[in-house]
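The lines below spell out each chain.
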Amino acid sequence: QFLKDGIPYMNEAQEKILSQQLLGGSWKVSSALDRDVLKKAIDEVTCWIAAAEEEETMILQDLSGYQMFEVQLVLRQALQNVWTQPLGDKKVMVKKVSPQHRQLLENSPYDCCQKELILLSARGFTNVFQTLVEAKKPLVGHNMLMDLMHLHDKFYKPLPESYEEFKRNIHNLFPVLIDTKTVTKSIWKKCPFPRVSNLLEVYAVLCSSNLNPKDPTCPVIALASDCSRYAEKKSPHEAGYDAFLCGSVLLKSAHLLLCRSTDDAVEADPSFSQYLTVLAEYLNKVNFIRGGVSSINFSGEDAPCQHPPLLVVHVRGWPGLNERQIYQEFKALCRFDVRRLSKNQFILLSNKFKHVRCVLRDYKHHPHLRVSVYRHWRHSPCVNCLLQVSGIVALWSLLAFVLGGAPCCSF
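This text gives an overview of the structure that appears in the document. Remember, predicted model here, so these are calculated numbers, not experimental data.

The subject of this paragraph is the sheet that holds strand S10 (residues 345-349). Adjacent strands of a sheet form backbone hydrogen bonds with each other and so pair up, either parallel or antiparallel. The four strands are arranged S9-S10-S8-S11 in an open sheet whose pairing can be described as antiparallel. Every other strand in the sheet has two partners, leaving strand S9 (337-342) and strand S11 (369-373) as the edge strands with one partner each. The mean angle between the axes of side-by-side strands here comes to 25°, regardless of whether they run parallel or antiparallel. As paired elements, S9 and S10 share five bridges and run antiparallel to each other. By the bridge assignment for S10, aspartate 337 is matched with leucine 349. This element, helix H14 (residues 323-331), spans strand S8 (311-315), S9, S10 and S11 of the sheet and lies at about 130° to S9.

One open sheet accounts for three strands, arranged S1-S3-S2; its pairing is antiparallel. Edge strands, defined here as strands with exactly one partner in the open sheet, are strand S1 (57-60) and strand S2 (82-86). Taken over all neighbouring pairs, the strand axes of this sheet differ in orientation by 25° on average, direction set aside. Strands in contact with helix H4 (residues 67-78) are S1, S2 and strand S3 (92-96); relative to S2, the strand with the most contacts, it is inclined by about 170°.

The next thing to look at is the side chain of serine 295. Structurally, the position occupied by serine 295 is in strand S7 (residues 295-297). The contact partners of serine 295, leaving out residues within four places of it in the chain, are Thr182, Lys285, Val286, Asn287 and Phe288.

This brings us to the pairing of S8. By the criterion of burial, S8 is predominantly enclosed, with four of the five residues buried. Pairing geometry for S8 and S10, over four bridges, is antiparallel. Among the inter-strand pairings, leucine 311 is bridged to a residue of S10, identified as leucine 348.

Conventions we followed
Residues numbered from 1 in each chain as written. Predicted model: local features only at pLDDT ≥ 70, side-chain atom pairs only at ≥ 80, totals over all residues. Heavy atoms only, no water. Pairing = 2+ DSSP bridges. Helix = DSSP H or I, 4+ residues; strand = E, 2+ residues; numbered from the N terminus. Axes fitted to C-alpha atoms, helices over the stretch in contact; angles between N-to-C directions. Contact = heavy atoms within 4.5 Å. Buried < 20%, exposed > 50% of the residue type's maximum accessible area, 1.4 Å probe, protein only.

This is how it looks when you write it as structure tokens:
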């Protein structure tokens, strides 16, 4: 959103630096694009002010968002006989004034460049983040680990080195997290739903499946007037549409769990607190892809790690094979992460033991690919290199011992 529309944001460390700049009266522009805009504005004002009379004005145009503040601060810092004032959208008025008049204007409570107003504008979307934090409402996402990392880094503090500190910070910011990926993964195990992965596919399955009861008690999701197009047209990765999908998947999943948790009919218009009750076992458990655990528990200890063993693929008689081709080779059977180990060897990583067993079984007699369990002391290039160097050193030492130990002739 920042790249598209110029909406600013900052975390606490960046806000502290900005506050120090404002208090010290020393303004530094970090963006190369903003520097170009400022240079153009300064050039225009410098050329104009030499011939201008006091109280005469000029207009700077095409300034977007936070640039309007930066231009004013830099001009006021550089020129003691100008005053600036924003004029509507993307325009700033520059007026030539006397130093005395300038001093009076600086002390005015109506100055648009007051520190508080600048910080409010510079924080931009961070203000929305702070609203979410202060609300302490459940935060819902789908496969949301990367989203939480971005929220922490961009709007709160740079990501810490410590994993436990990251978990603790996120839990303090958002005490209740609900990852619909975690919820639906559990539902797939309990119900014969088609196995799907992305959010749009999950939404389609929950809407079309007869396992999710379509009765008067099922929650009805009403679209806002300016979002009515979502009922007819799919818009994946558009923020509003993804939020609609995520909320819909949460409510439909929770309603399905509520119906299956009780033998009695579900009362009309169930409350959200009832849904939270059936979702309790999934709260604060965020899906973790390709990990030794299926989810990260942000409000307690993670489950013990159970990593499937790495596999190593040795290629014979198939020159020029790369990671993508290896991935495509195994894709029909199961999904692996692939990394090249050496010229003719590749590492396969899966988070499912059954995939490892399946590949070891089906590729046992493959003519070109020999698959085995990865052993560090056998397959590591570093270990192999060390062993080769040690072998060479040992061989030279043996030769030196043999040759140097020959008896000398004496006369």
